[in-house]
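Here are the chains, one letter per residue:
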Amino acid sequence: MSDSVYDTKRLMQPDALRRMVLDLRQMETFIEDPLVITGADGVWYEDINGKRILDGISGVFVVTVGHNNRRVIDAMKAQLDTMSFAPPLHATNLAAIELVNRLADVTPDDLNTVKLLSGGSEATEAAMKLAKQYHRQTGNPNKYKIIARYQGYHGATMGALSATGTPRRKTMFEPTLPGYLHVHPPTCYRCPYEKTYPECDVFCARTIDEMIQMEGPETVAAVIVEPIGNTGGVITPPDEYLPTLRRICDEHDVLLIFDEIITGFGRTGQMFASQTFGTTPDILCMGKGMSSGYIPLAGIAFRDRIGEAFLGRDEDEVEFSHGHTYGGNPLASVAGLACLGEIVERDLPARAREMGAYLREQLEGLKDLGIIGEVRGRGLMVGVEFVEDPEMKKPFGQDVKFGVQVGKAALKKGLLTRFDPHWIAFAPPLIITREEIDILMDIFTESIKETLKAMGR
Ligand SMILES: Cc1ncc(COP(=O)(O)O)c(C=O)c1O
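Residues numbered from 1 in each chain as written. Predicted model: local features only at pLDDT ≥ 70, side-chain atom pairs only at ≥ 80, totals over all residues. Heavy atoms only, no water.

Notes on the overall build of the protein chain
- Broken down by element type, the protein chain carries 17 helices and 15 strands.
- Over its C-alpha atoms the protein chain spans a radius of gyration of 22 Å, differing by no more than 12% from the 23 Å that the globule rule assigns to 457 residues.
- Structurally, the protein chain occupies a C-alpha span of about 70 × 60 × 45 Å along its principal axes.
- Here the protein chain holds 457 residues, and 54% of them are scored as buried.
- For the protein chain, the exposed surface amounts to about 20,900 Å²; the carbon and sulfur share of it is 51%.
- When the 49 positive and 63 negative side-chain charges of the protein chain are each reduced to one mean point, those points stand 5 Å apart. (Helix = DSSP H or I, 4+ residues; strand = E, 2+ residues; numbered from the N terminus. Rg over C-alpha atoms; globule rule 2.2 N^0.38 Å. Buried < 20%, exposed > 50% of the residue type's maximum accessible area, 1.4 Å probe, protein only. Areas by Shrake-Rupley, 256 points an atom, 1.4 Å probe, with all protein chains shown as cover. Lys, Arg positive; Asp, Glu negative; His and termini not counted. Charge placed at Lys NZ, Arg CZ, Asp CG, Glu CD.)

Observations concerning a negative patch on the surface
- Residues Asp314, Asp316, Glu317 and Glu319 make up a contiguous surface patch of negative charge.
- Tracing the backbone through its elements, the reader meets Asp314 in the loop between α13 (304-310) and α14 (330-345).
- The exposure class of Asp314 is exposed, given its relative accessible area of 74%. (Patch = residues over 30% accessible without salt bridge, like charges linked within 9 Å, V, L, I, M, F, W, Y side chains within 5 Å. Salt bridge = Lys/Arg side-chain N within 4 Å of Asp/Glu carboxyl O.)

Focus on the sheet that holds strand β15 (residues 423-426)
- Taken in spatial order, the four strands of this open sheet run β11-β12-β15-β14, and their pairing is antiparallel. What marks the edges here is a single partner per strand, and that holds for β11 (372-378) and β14 (418-419).
- In the packing of helix α15 (residues 348-364) onto the sheet, contacts are made with β11, β12 (381-386) and β15, and the angle to β11 comes to roughly 175°. (Pairing = 2+ DSSP bridges. Contact = heavy atoms within 4.5 Å. Axes fitted to C-alpha atoms, helices over the stretch in contact; angles between N-to-C directions.)

Here's the deal with a positive patch on the surface
- Taken together, the side chains of Arg25, Lys51, Lys408 and Lys412 make up a positively charged region of the molecular surface.
- Tracing the sequence through the fold places Lys408 in helix α16 (residues 402-413).
- For Lys408, a relative accessible area of 53% gives the class exposed.

Digging into the pattern of salt bridges
- The final tally for this structure, using the stated rule, is 24 salt bridges.
- Across the pair Glu364 and Lys367 runs a salt bridge, and its minimum N-O distance is 3.0 Å.
- The class for Glu364 is partly exposed, based on a relative accessible area of 35%.
- Lys394 is the partner of Glu388 in a salt bridge, and the nearest nitrogen-oxygen pair spans 2.8 Å.

Brief notes about helix α7 (residues 120-136)
- With 17 residues, α7 should reach 24 Å at 1.5 Å per residue; the first-to-last C-alpha distance of 24 Å fits that figure.
- Looking at α7, one finds that the buried residues are Ala123, Thr124, Glu125, Ala126, Ala127, Met128, Leu130, Ala131, Gln133, Tyr134 and His135. (Expected span 1.5 Å × (residues − 1).)

Notes on the site of the ligand
- Close contacts around the ligand come from Gly119, Gly120, Ser121, Tyr153, His154, Gly155, Glu226, Asp259, Ile261, Ile262 and Lys288, and that covers them all.
- Backbone polar atom of Gly120 to an oxygen atom of the ligand: 2.8 Å apart, as the coordinates give it.
- Asp259 has a polar side-chain atom sitting 2.7 Å from a nitrogen atom of the ligand.
- Expressed as a share of its isolated accessible area of 390 Å², the protein-covered part of the ligand is 78%.
- Class assignment for the residues of the shell around the ligand results in three nonpolar, five polar and three charged. (Near = heavy atom within 4 Å. Polar contact = N/O pair within 3.5 Å; in protein donor to acceptor, adjacent residues only side chain to side chain. Nonpolar A, V, L, I, M, F, W, Y, C, P; charged D, E, K, R; others polar.)

Topic: the side chain of Asn329
- In this fold, Asn329 is placed in the loop between α13 and α14.
- A relative accessible area of 11% means that Asn329 is categorised as buried.
- Filtering out sequence-adjacent residues up to four positions away, Asn329 remains in contact with Ser84, Phe85 and Asn93.

Structural notes on the environment of Gly299
- In this fold, Gly299 is placed in strand β10 (residues 298-303).
- For the pair Gly299 and Ser447, spaced 148 residues apart in sequence, the C-alpha to C-alpha distance is 38 Å.
- Apart from residues no more than four positions distant in its own chain, Gly299 is found in contact with Lys115, Leu116, Leu117, Ala123, Leu284, Cys285, Met286 and Met290.

Considerations on the packing of aromatic side chains
- One pass over the structure, following the stated rule, counts eight aromatic pairs.
- Aromatic pair Phe265 and Phe272: ring centres 5.1 Å apart, planes at 65°, arrangement edge-to-face.
- Of the residues examined, Phe265 reaches a relative accessible area of 1% and is grouped as buried.
- Aromatic pair Phe386 and Phe402: ring centres 5.0 Å apart, planes at 70°, arrangement edge-to-face. (Phe/Tyr/Trp six-rings, centres within 6.5 Å; stacked < 30°, edge-to-face > 60°.)

As for the domain arrangement of the protein chain
- Domain annotation of the protein chain identifies domain 1 (35-68 + 348-454) and domain 2 (70-345).
- Averaged C-alpha coordinates put domain 1 and domain 2 at centres separated by 27 Å.
- Each side of the interface is counted separately: domain 1 has 36 residues, and domain 2 has 33 residues.
- Summing the contributions of domain 1 and of domain 2, the shared interface buries around 2,800 Å²; its carbon and sulfur component is 55%.
- Between Arg378 and Asp239 there is a salt bridge; the shortest N-O distance is 2.9 Å.
- The interface formed by domain 1 and domain 2 includes 19 residue pairs in polar contact (both at pLDDT 80 or more).
- Counting only elements with at least two residues in the side of domain 1 that touches domain 2, the list comes to α4 (58-61), α15, β11, β12 and β15. (Domains from an automatic or database assignment. Buried area = accessible area lost by both parts, 1.4 Å probe.)

Shown next, in the form of structure tokens:
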């Protein structure tokens, strides 16, 4: 699969690599043992040394339909022969119209208006701006505050970052935008309020009601949450959590935004996590799996009453004051259509349910190793929290970085995951087979054992 057009020897030199800035990576360390991918097929990558790596995280929660999918590639090639760009201000194109209509079909309830975009941060930014403009032109000009959650991640741009709740990504850019407030997410395994589910009656959701009242409902525009939060280790809400948020938002005329950049397109066992948890947001943000990484593609879908508030003639001046050069690009749109076709026709959400259950069952079996506190998630979005003592739920000390050690060991052995000092996440392409999950489990188990041995345990 190696690509012979490039002068590999020159490009693999530290001086060539040092000119790059990878996402959230220290380049000097990266250069010591650079991972350069040269090919990908199904759930597998191949690196520049010919080593095969199992993609246990779909690149970064992206490659839902798998690598090297012929239907997507052929659709894009055919589109390139016709037109690669249409003017976004003056016109649209048939692929974009078709995609918007197909998305309206597969999103829940009346999320029937869609704005196409190119990346997850663009989508969350657009959702929050849409919420503010919606309130402004429907008689509530003072509703501007956004309530988000600690540990949430909504993107790297300034508005998305203001909603983000992880200090590591945020602190050096503060002050962020005014009007962003944060509450604790539903981390039932380790409740920040020291309560126990279900007796708590989802106190963490009810605190949002309290916050809206204390801030003044006439000042709050929206609540934004990831239905399942990745950062923090696949934070999976109890069943009542999202319906409770829905009720609270309705009571205060606050829009509910779901950031489904990761959870969308079959990942949690239904097309959207909104359907998995039976709760329809007012605005749904989508990205990543929308094009499975074949080209940048994202979007927001919103309810009829919001769509209607923006529908008008030139003299009404109620159009959404927002746009990006690549939104509704025809090449991205055909990729989105082909991916959606694959997900629907092959019923990949059902596959995510089946393979996810199998993966979680295998992971539960590793609790005997004495360092797994909880296995959580829905469908093929699965998290494992590591602890030093499962009975006491005692975490490893900060300096141990157990999850990082396991994640790095797994990568050396040919398994890509998303890892953190205290947890590891798995989100392989939805086409993964039982046999491939067995390989994933073998590498993961070996990596844990090796880490424990190095620690003298
Ligand atoms: C939940 C969530 N929202 C938004 C984003 C931002 O997406 P992007 O990196 O495409 O801008 C991400 C990216 O990881 C994400 O996980």
